[in-house]
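Given next are the chains, with one letter for each unit.
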Amino acid sequence: MKAIMIMFDSLNRHFLPNYGCSWTVMPQFQRLAEKALTFDCFYGGSMPCMPARRELHTGRYNFLHSSWCPMQPFDDSVIKRMKDAGIYTHISTDHFHYWQDGGSCYLTKFDSHEIVRGQQGDPWMGQVAWPDYPDTLSRRKNTQSWRHDWVNRQFITTETAMPQCKTFTNGLDFIERNHNDDLWFLQIEAFDPHEPFYTQNEYKKLYPDNYHGKNLDWPDYGKNEYGEAATRHVRYEYASLMSMCDHYLGKVLDMMDRYDLWKDTMLIVNTDHGFMLGEKEWMGKNVQPMYEELIHIPFFIYDPRNPIQGERRNQLAQTIDIVPTLAEFFQIAPPEYMDGHSLTPVIRNDTPIRDYALFGIFGGHICITDGRYVYMRSCKDPENQPLYEYTAMPCHMDRPFSREEMSEAELCDKNAFNFMKQSGVFKVPVHHSTDSYRFGTMLFDLLTDPEQKCPIHDSNIEDHLCQAMKKMMIAKVATPKNTARIKKMIAAAVTALCMGVMLSMTVFADGASVDTSSFLDTVETVLKAVCILIGAGLGVWGVVNLIEGYGNDNPGAKSQGMKQLMAGLALILLGIVMIPVLV
């Protein structure tokens with residue numbers, strides 16, 4: 001079995017003919033729809049780039065406890081699990097964030113990786129003098145990213161020099177050399193169509209753009225103040241780059257046809273998030289609420305185990321669901337502590353795998369959808385405190401945490417989160433985050449308002465989604481602290497029980513003069529003591545959790561504490577009442 005994942009960055013589904021766009025030129029995406037399944041209700045989870053990629057490794061939500069960050073020492077990566085199981089893993093990418101501070105430890109999970117330099121602000125070609133660039137509407141023109149981008153463009157003047165072209169060429173070369181071999185996973189990951197929307201004239205000519213104003217292929221994030229002509233121009237620039245993506249997607253489909261890879265190769269075509277291009281008067285991402293243009297993303301999959309082609313799927317799914325799907329496909333154990341579910345039931349017959357999807361950006365709105373309603377919960381006040389980031393790798397996108405940030409850091413309780421596996425992790429106060437307060441809490445009905453222009457007010461729906469959100473957050477993140485200690489306590493008690501019984505059996509087997517009645521009395525005493533000890537231990541920890549639950553208004557701790565208390569009492573009763581009867 002083999003698998004290929006083609007990942008684009010910032011793919012807005014509303015520009016794809018597969019999702020109803022009538023003016024963009026994307027014949028290969030239409031061809032893909034004939035070869036694979038098209039998902040209509042697929043959502044991202046954590047915004048933006050690296051948080052989404054961490055989810056692709058771990059199958060676990062990132063934004064609830066971390067912002068943009070490297071892979072953590074405690075992270076369980078499906079890519080590494082594949083590698084360890086003998087499935088060869090390779091990535092070809094021009095996504096330059098992988099070789100910045102905040103993108104470290106991702107590529108090394110693969111057996112091999114090819115990187116292509118030169119995208120956006122990648123500090124690739126050295127040049128002391130500032131490059132020449134046209135008069136522009138962008139406010140970025142004095143930044144180092146802007147400088148590096150225009151230096152790089154001097155060396156990317158033909159299509160074959162374009163990083164996307166090189167990335168796909170490398171990926172196609174891998175397929176060419178390895179298509180006869182079994183057990184491999186290939187990730188072809190293009191930074192395009194992420195801004196800047198720089199491409200060649202061959203693709204620009206596909207669109208009737210007669211713009212003659214100032215340069216604008218790298219729009220600023222925020223409210224759209226460019227005017228109608230410039231906005232139309234930047235949408236054409238984006239569409240042109242998407243048409244280039246379409247062209248290289250077709251080359252992979254050609255190779256799959258040529259070698260009949262459809263018989264044993266899974267194909268996934270996905271993206272991390274979308275991008276806003278004037279919708280609701282917004283440009284970019286991250287600074288606005290997580291509207292549909294950003295988080296409701298295109299997704300396509302072909303599974304040779306269930307070779308269904310040309311159909312659509314309506315069930316709710318997310319990026320985190322890709323991880324267990326790959327693990328199941330390659331028949332390996334999935335990462336621990338996943339939030340994702342295998343897509344196989346959806347693939348087979350559109351069977352639901354989840355009732356809700358969580359999504360958001362660290363420190364911003366926490367959002368939930370059931371596929372129809374989208375509920376965005378804002379912070380309660382402008383300060384948005386307390387807010388902490390949990391990390392063992394304190395790095396932002398392109399720099400480490402500052403000394404000031406780390407001076408406030410403290411070590412987190414090692415039992416605070418089960419997925420951290422008792423690792424030493426920093427708990428760092430965060431004083432500045434995405435401002436959700438200015439937008440407030442919002443509720444949308446996508447059935448009556450798919451463009452999310454008019455928030456609704458329905459207390460019953462809001463309460464229902466709020467409770468579902470709370471339940472998911474408690475189940476997925478706020479794991480009770482004492483699980484590991486309870487397991488150790490039970491293990492010790494069971495060990496004591498076994499040793500006691502074995503000791504008694506050894507004495508009996510050695511032929512010592514043992515009165516049968518006395519032996520049974522001894523066994524009864526040991527069993528009663530063990531049951532009572534285990535029950536008392538569970539009861540004590542139950543009381544501790546109940547105190548914590550009521551003190552911190554933590555329903556998860558309350559529930560867990562009550563279960564532990566009841567289980568402890570049951571074991572004590574078992575020891576006192578049932579053991580004498582059974583023995």
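Because the structure is a prediction, the values reported are computed rather than measured.

(A) Region of interest: a nonpolar patch on the surface. A cluster of nonpolar side chains, contributed by I532, L573, L574, I576, V577 and M578, occupies part of the molecular surface with about 490 Å² of accessible area. Tallying contributions element by element places helix α15 (residues 555-582) first for the nonpolar patch, with five residues. Position of I576 relative to the elements: it lies in helix α15. Take I576: its relative accessible area is 47%, and that puts it in the partly exposed class.

(B) Region of interest: the pairing of strand β12 (residues 299-302). Side-chain alternation along β12 places F299 and I301 on one buried face and F300 and Y302 on a second face that is also buried. When strand β2 (residues 37-39) meets β12, the two strands line up antiparallel, connected through three bridges. Within the sheet, the bridge partner assigned to T38 lies in β12 and is F300. Relative to β12, strand β9 (residues 265-271) is paired through three bridges, and the arrangement is antiparallel. The residue of β12 that forms the bridge with I268 is I301.

(C) Structural view of the side chain of S46. Following the sequence through the fold, S46 ends up in strand β4 (residues 46-47). Polar contacts involving the side chain of S46 include one to the side chain of E55, which spans 2.5 Å. At a separation of 3.0 Å, a polar atom in the side chain of S46 contacts the main-chain amide nitrogen of N62. Here S46 is in contact with P51, A52, E55, Y61, N62, F63 and G360, once residues within four sequence places are set aside.

(D) Seen up close, helix α7 (residues 228-258). The end-to-end C-alpha distance of α7, which contains 31 residues, comes to 45 Å, matching closely the 45 Å that a straight helix rising 1.5 Å per residue would cover. Most of α7 is tucked away, with 22 of its 31 residues classed as buried.

(E) Representation of the environment of Y238. By the secondary structure assignment, Y238 is in helix α7. The class for Y238 is buried, based on a relative accessible area of 0%. Taking the C-alpha atoms as reference points, Y238 and P196, 42 residues apart in sequence, are found 8.6 Å from one another. What Y238 contacts, discounting residues up to four positions off in sequence, is S10, L11, N12, F15, P193, F197 and L277.

(F) Local environment of unusual backbone geometry. Between M47 and P48 the backbone carries a cis peptide bond, its omega angle lying at -15°. With respect to the helices and strands, the residue P48 is situated in the loop between β4 and α2 (49-58). The peptide bond linking E195 to P196 adopts the cis configuration, its omega dihedral lying at 0°. If you trace the backbone, P196 turns up in the loop between β7 (184-190) and α6 (201-204).

Analysis parameters
Residues numbered from 1 in each chain as written. Predicted model: local features only at pLDDT ≥ 70, side-chain atom pairs only at ≥ 80, totals over all residues. Heavy atoms only, no water. Patch = residues over 30% accessible without salt bridge, like charges linked within 9 Å, V, L, I, M, F, W, Y side chains within 5 Å. Areas by Shrake-Rupley, 256 points an atom, 1.4 Å probe, with all protein chains shown as cover. Salt bridge = Lys/Arg side-chain N within 4 Å of Asp/Glu carboxyl O. Helix = DSSP H or I, 4+ residues; strand = E, 2+ residues; numbered from the N terminus. Buried < 20%, exposed > 50% of the residue type's maximum accessible area, 1.4 Å probe, protein only. Pairing = 2+ DSSP bridges. Polar contact = N/O pair within 3.5 Å; in protein donor to acceptor, adjacent residues only side chain to side chain. Contact = heavy atoms within 4.5 Å. Expected span 1.5 Å × (residues − 1).

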